[in-house]
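# Structural description and commentary
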Amino acid sequence: MGNEKSALGGLEIDEKAVEITDFWLHHSASLSEPSQQTLSVFVSEPSLHSGANFGKPSPLEKAAKHLMLHRHPCILKYVASWHKGSKFFLATEEVKPLVQVIGMQTTLQICIGLHNILRALIFLHEKALASHNNVSNSAIYVTPDGFWKLGGLEYLCRFTELTPAYLQKTRNYRYEKAISPEEDGGKSAVLMEPSAIDQFAFGVLAEEVLRQKSDEDVPALAEFKELSKKHLQNADPTLRTKLSSVLVHPFFTHEFITIHSFLMELPLKSDTEKQDFFSNLVVELKKFPEKIVAEQLGVLLLSRMVLLDSTAQSKLLPFVLTPKVTDDNNESDLLFTLSTFKRYLIPKLLQMFCVRDAQIRLLLLSHFNSFVSAFQLDELKQHVLPELLVGIKDTDDHLVSTTLRALADLIPLLGSATVIGGNRGKLFTDGRPKKAPRLRETKVRPAAPNGASVPDVLLRTKMAVLELPERPSPDGGEDRNDSNSISHDEDGNWSDWDAQESANPRANPSELSAVKDEENPLETTTQDATRANSKDSASAKVETPKYSKKSIISDISELDIKNSKPMHIQKEEFNFFTDMEPVIKKTQVLHIAETAAVASNSMFDVKVVGVAPDEGNGDDGWGDDLNDWGAEDAPHTRN
């Protein structure tokens, strides 16, 4: 139907009808101004009531007029009404017909619902001096919170207007089973007991909704069924029980109904009654299942009148607004578990955060850290956070400071970027001193061949030993990760050396021999030559022996030092190849000498230019060395 022009700005009516009756269409609608809420809209067209002998106004217009005049917590709440062309619109609070939800109602819910309808009828009879004339399932609506509301006031009239002619004119449109027998008895019977029509109809309603229910949840159910059948539906209107007397029946006076009635009538109670009621309310509510309490009383416990009561703030709300997470004894007095809290109380709390009342907001924020974890992340981002950001712009310093504390509770859940926003960076550093790793001894028990245990073979090694340089590192260079990387690289580069063999003489000889057989002889020679240089470093750091099978080296070039891993330390401090240079130099000289012996006109001949013959034959040149190397050619030279 789109956005109809109405007295309510921003009203969007759904296309699909919730209910279709003889006089109107019932639709759901959403209202965005002044705040987001859902309503029910009843639409009447002339074609729907053209056959009814009502005249003007139409039945829906009469119902709207009576709803606007008769205000009661148990009567359908009037919001607005307007004409648009030939159509008439009535907007009320969001409700559904009872016939659509009665199958899901428990006995206790029906008991509370009948109690609401009974109170509404007593209000009409005793305060408004009017008769409803059509009490039935079709005239009752249920709110999303489960409250029953009396509607269908299109047949309502005052006692002075209640005549047999009026009843006869509307009889064809009223519920047939709820029509009392005295309507056929003449004018005297109707005028003698005008409230008897609703008494009879209420008895029929109670019998129908309780037909399939047992007395497991509510006491005195069987007695009330008998009362509804024999007394309220008595053929003699003078013998029917007064509705005010039905209200005190044990079916409506048990503890749960008493609590519900007190909360509904809280504005009428004195301060002393409120103080006594809220002081013992937690103990009384613990007697009932938490699901029933949350479903039937959750909205009433979070109503404005309860929130603003000083006794309720100290004696009740801390146990209502804190969900029970565990089964600890400290949480034994809490009323609702986390799952029940999320299902029944979170929707109400989301609505309450939209209320711009300072006292209500301060009360919610004072318990915010207790229930903030029960919200979904999307609910916090889309509903709670925007409202909190509005609170920090208020002129009330106390409200602003409390709101900022609540925003701090949101940061662990949403993150500082979502809550604070803006450009942020790493502006603080961790100035704590870094602790050196402790030296600890570990006992390693190596495995023997064939998986047998080796007794009395314990190798003690010291882990996490750091080799510090001779001079202290500059400021900021004492990073623990760099030291660990140096130690790790040293372990990887020199794992092939036999330092572990000398350090662990009692290691398994079979594993050591297997490793030596597979190593290259040249590699063994190199290790023997450098063992003296590496002995000092090996004594400073003893590794845990790791004997693993080594791969066969196919190319001797792989043993070259160029293939070793780079060292992250200074070469002059850890140069293990200094003593190897003479050996390499001697090998090169021998190679040159063999080449020189083959050809006399070699490119390696030394030419002496500008030197006297005596100087060239001196003892301080190359001559001595060549004589030593060419000892075999000396006899030929002498001849």
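Residues numbered from 1 in each chain as written. Predicted model: local features only at pLDDT ≥ 70, side-chain atom pairs only at ≥ 80, totals over all residues. Heavy atoms only, no water.

### Digging into the overall build of the chain
Of the regular secondary structure elements, the chain holds 28 helices and twelve strands. With 639 residues in all, the chain has 38% of them scored as buried. For the chain, long-range pairs separated by at least 24 residues make up 63% of all intrachain contacts whose partners lie at least 6 apart in sequence. Just so you have it, the chain exposes about 38,200 Å², and 52% of that area is on carbon and sulfur atoms. (Helix = DSSP H or I, 4+ residues; strand = E, 2+ residues; numbered from the N terminus. Buried < 20%, exposed > 50% of the residue type's maximum accessible area, 1.4 Å probe, protein only. Contact = heavy atoms within 4.5 Å. Areas by Shrake-Rupley, 256 points an atom, 1.4 Å probe, with all protein chains shown as cover.)

### Notes on the sheet that holds strand β6 (residues 96-97)
Across a sheet, paired strands are connected by hydrogen bonds in the backbone, their directions being either parallel or antiparallel. Ordered in space as β6-β8-β9, the three strands form an open sheet in which the pairing is antiparallel. Where the open sheet ends on each side, the last strands, each with one partner, are β6 and β9 (148-150). Against the sheet, helix α2 (residues 107-126) touches β8 (140-142) and β9, its axis set at about 25 degrees to β9. (Pairing = 2+ DSSP bridges. Axes fitted to C-alpha atoms, helices over the stretch in contact; angles between N-to-C directions.)

### Observations regarding the packing of helix α8 (residues 255-264) against helix α9 (residues 271-279)
It is the contact of α8 with α9, at a shortest axis distance of 12 Å, that shows an interaxial angle of 135 degrees. The pairing of α8 with α9 is recorded here as oblique in orientation. Pair α8 / α9 crosses with left-handed handedness. Here Ile259, Phe262 and Leu263 of α8 lie close against α9, whose contacting residues are Glu273, Lys274, Phe277 and Phe278. Residues that form the contact of α8 with α9 fall into these classes: five nonpolar, no polar and two charged. (Parallel < 35°, antiparallel > 145°, perpendicular 65-115°, else oblique. Left-handed = near helix turned anticlockwise from the far one by under 90°. Nonpolar A, V, L, I, M, F, W, Y, C, P; charged D, E, K, R; others polar.)

### Observations concerning the pattern of salt bridges
Taken as a whole, this structure holds 13 salt bridges when the rule is applied. Note that Lys87 and Glu45 form a salt bridge whose closest N and O atoms lie 3.8 Å from each other. A residue pair is termed long-range when its members are at least 10 positions apart, and Lys87 in strand β5 (residues 87-93) and Glu45 in the loop between β3 (37-44) and α1 (59-69) qualify at 42 residues. Its relative accessible area of 27% is what places Glu45 among the partly exposed residues. Linked through salt bridges whose partners overlap, the residues forming this network are Arg119, Glu265 and Lys269. (Salt bridge = Lys/Arg side-chain N within 4 Å of Asp/Glu carboxyl O.)

### A word on the sheet that holds β3
Taking strand neighbours across the sheet as the criterion, the five strands line up as β1-β2-β3-β5-β4 in an open arrangement whose pairing is antiparallel. Only two strands of the sheet have a single partner each, and these edge strands are β1 (11-20) and β4 (78-84). Geometrically, the sheet is characterised by an average inter-axis angle of 25 degrees between neighbouring strands, direction not taken into account. Across six bridges, β4 lies against β5 in antiparallel orientation. Residue pairing across strands places Lys84 opposite Lys87, the latter belonging to β5. Packing against the sheet, α1 makes contact with β3, β4 and β5, and its axis sits at approximately 35 degrees to β5.

### Observations concerning the pairing of β1
As defined by bridge partners, β1 adjoins strand β2 (residues 25-31) across six bridges and the pair is classed as antiparallel. Following the sheet pairing, Glu12 is matched in β2 by Ser30. In this antiparallel pair of consecutive strands, β1 and β2, the connection spans four residues.

### Thoughts on α8
Along an α-helix, a turn takes 3.6 residues, which lines up residues three or four apart on a common side. Taken across its ten residues, α8 has eight buried, putting it largely inside the fold. Phe256, Ile257, Ile259, His260, Ser261, Phe262, Leu263 and Met264 are the residues of α8 that are buried. Tucked inside the fold, the buried residues of α8 contact α2, α9, α10 (281-285), α11 (290-301) and α12 (304-307).

### Some points on α11
In this model, α11 (twelve residues) spans only 13 Å end to end at C-alpha, well below the 16 Å of a helix rising 1.5 Å per residue. Counting buried residues along α11, nine of its twelve residues qualify, which places the element largely inside the surrounding structure. Check the buried side of α11 and you find it contacts α2, α8, α10, α12, α14 (317-320) and α15 (338-352). (Expected span 1.5 Å × (residues − 1).)

### Some details on the packing of helix α16 (residues 358-366) against helix α19 (residues 397-414)
In contact at an axis separation of 10 Å, α16 and α19 are set at 35 degrees when each is read in the N-to-C sense. Like other packed secondary-structure pairs, α16 and α19 cross with a definite hand, here left-handed. Residues Arg361, Leu362 and Leu365 of α16 form the contact with α19, whose own contacting residues are His398, Leu399, Thr402, Thr403 and Ala406. Tallied by class, the residues present in the contact of α16 with α19 amount to four nonpolar, three polar and one charged.

### Concerning the nonpolar core
In terms of nonpolar packing, the biggest core is built from 117 residues, with Leu114, Phe202, Phe224 and Leu349 touching the most fellow members. Here the element with the most residues in this core is α2; it accounts for twelve residues. In contact with Leu349, other than residues within four places in its own chain, are Leu302, Leu321, Phe341, Leu364, Phe371 and Phe375. (Core = buried A, V, L, I, M, F, W, Y, C linked by side-chain atoms within 4.5 Å.)

### A closer look at the pairing of β5
Counting buried positions over the seven residues of β5 gives six, a clear majority of the element. Across six bridges, the pairing between β3 and β5 is antiparallel. From the neighbouring strand, Phe42 faces β5, where its bridge partner is Leu90. Counting the residues between successive antiparallel strands, the hairpin from β4 to β5 contains two residues, one of them, Gly85, with a positive phi of roughly 65 degrees.

### With respect to the packing of aromatic side chains
In this structure the tally under the stated criterion is 16 aromatic pairs. When the ring of Phe23 is compared with that of Trp24, the centres are 6.5 Å apart and the planes differ by 50 degrees; the resulting orientation is tilted. Taking the relative accessible area as the measure of exposure, Phe23 reaches 6% and is therefore buried. On the numbers, 5.0 Å between centres and 75 degrees between planes, the contact of Phe251 with Phe252 is edge-to-face. By way of ring pairs, the aromatic residues Phe23, Trp24, Phe42, Tyr141 and Tyr173 are connected into one cluster. (Phe/Tyr/Trp six-rings, centres within 6.5 Å; stacked < 30°, edge-to-face > 60°.)

### Remarks on the confidence of the model for the chain
Should pLDDT be low for a region, the predicted coordinates there are not to be read in detail. This prediction gives the chain a mean pLDDT of 75; 63% of its residues lie at or above 70. Mean pLDDT values for the elements of the chain range from 44 in helix α28 (residues 634-638) up to 95 in β8. Throughout residues 1-5 the model reports pLDDT below 50, and contacts reaching past four residues in sequence, or to other chains, amount to 19 contacts. The model gives residues 593-600 a pLDDT under 50, and that stretch makes one contact with residues more than four places away or in other chains. (pLDDT = per-residue confidence, 0-100.)

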